[in-house]
Amino acid sequence: MQFGMPTLIELKSTESCAALCRELGLSFVELNMNLPEYQADKLDANHLQEISDEYNIYYTFHVDENLNPFDFNKWVAKAYTDTMIAAIVNIRSKRLSVPVLNMHLNSGVWFTLPDKKAYLFEEYRDEYMQKLTAFRDVCTKAITGTDIKISVENTSSFQLDFVAEGIATLLESPVFALTFDTGHNAGSGFRQQSLIERHIDRFSHMHLHDYSKARGDHLPLGEGELNLQKYLDLAKDHDCRVVLEVKTIEGLRQSVNWLKARGYL
């Protein structure tokens, strides 16, 4: 089981992230494509590879959280799809070692009614599914022949019926997989877990962080209420990479020490 770290806002370069990753005995850095330096048109794969070689680490990517290739506006949807494909093409052309592109599944716009939220993707489900299927197919074509997986992370959207249908459709392609985020699941009252369990054979990536009702998620390991051992056992059983998704250097160090004390590192 390999452990990695997220991009930290305290560290302003890939090299500083890689240096901390190596110092802590971790295996990879999950580069966050919400940041300006990791936009698809700015990725310098040769430079990333040089850093990877120097520090003996590799990368996964966290795709822009706003990614919405299912938008009803065709130009907006195309821009998001092109963004994903550009990242894949750049990784492939430079033979950069990136086994996972982690993404959220956007729930889209909703109308707030007196008794509920009316999600437009639900109200126009056929059009939503057509766009989702097209996105799946173009990604599959771009990735086929590599070891890259697009791994869909559980967020609040996992509690919606049309998203459950969308995930099942994405997973019809072998290039798609699932990411289990422990804190997001806990914050939902563990309501997101059932969808993960329904497709547990496609679980391949984990965002591990602690959670408490008082403080929320992204806590250092050992500072919250979660049975972390249970999630680590699950990751081990499914041969998952694990991102220690805490947001500060101090919290990351604390989490690494928690793992070391239990023999994981």
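Calculation notes
- Residues numbered from 1 in each chain as written.
- Predicted model: local features only at pLDDT ≥ 70, side-chain atom pairs only at ≥ 80, totals over all residues.
- Heavy atoms only, no water.
- Core = buried A, V, L, I, M, F, W, Y, C linked by side-chain atoms within 4.5 Å.
- Buried < 20%, exposed > 50% of the residue type's maximum accessible area, 1.4 Å probe, protein only.
- Helix = DSSP H or I, 4+ residues; strand = E, 2+ residues; numbered from the N terminus.
- Contact = heavy atoms within 4.5 Å.
- Pairing = 2+ DSSP bridges.
- Axes fitted to C-alpha atoms, helices over the stretch in contact; angles between N-to-C directions.
- Phe/Tyr/Trp six-rings, centres within 6.5 Å; stacked < 30°, edge-to-face > 60°.
- Right-handed = clockwise from strand over helix to strand, strands pointing away.

### Thoughts on the nonpolar core
The biggest cluster of nonpolar side chains holds 81 residues, and the ones touching the most others in it are M5, M84, L101 and L244. Tallying contributions element by element places helix α5 (residues 125-143) first for this core, with seven residues. Not counting the four nearest positions on each side in its chain, M84 is found in contact with V63, L67, L101, M103, F135, C139 and I150.

### Thoughts on the sheet that holds strand β7 (residues 149-153)
Spatially, β1-β2-β3-β4-β7-β8-β9-β12 is the arrangement adopted by the eight strands of the closed barrel, whose pairing is parallel. The average angle at which neighbouring strand axes cross in this sheet is 30°, direction not considered. Sheet contacts for helix α10 (residues 249-261): β1 (3-6) and β12 (241-244); angle to β12, the most-contacted strand, approximately 135°.

### Considerations on the packing of aromatic side chains
In this description, a pair of aromatic rings is defined by centroid distance and the angle of the planes. This structure, assessed with the given rule, holds 14 aromatic pairs. Relative to Y264, the ring of F3 has its centre 6.3 Å away and its plane inclined at 80°; by these criteria the two rings are edge-to-face. Placement of F3 in strand β1 and of Y264 in the segment after α10 is noted, with a sequence separation of 261 residues between them. The exposure class of F3 is buried, given its relative accessible area of 2%. Taking the centre distance of 5.2 Å and the plane angle of 25° together, the rings of F28 and Y58 count as stacked. You can see F28 sitting in strand β2 (residues 28-32) and its partner Y58 sitting in strand β3 (residues 58-62), a full 30 residues away along the chain. The burial state of F28 is the same as that of Y58; both residues are buried. Taken together through their ring pairs, the aromatic side chains of F70, F72, W110, Y119, F121, Y124, Y128, F135, F162 and F176 make up a single cluster.

### Overview of the pairing of strand β4 (residues 100-104)
Summarising burial for β4: five of the five residues are buried, a large majority. Taking every second residue as pointing to the same face, both faces of β4 are buried, with V100, N102 and H104 on one and L101 and M103 on the other. The β-α-β motif built from β3, the intervening helix α3 (residues 74-93) and the parallel element β4 has right-handed crossover chirality. Relative to β7, β4 is paired through five bridges, and the arrangement is parallel. Counterpart to H104 in the pairing with β7 is E153.

Note that all results are geometric; they support no functional claim without further evidence.
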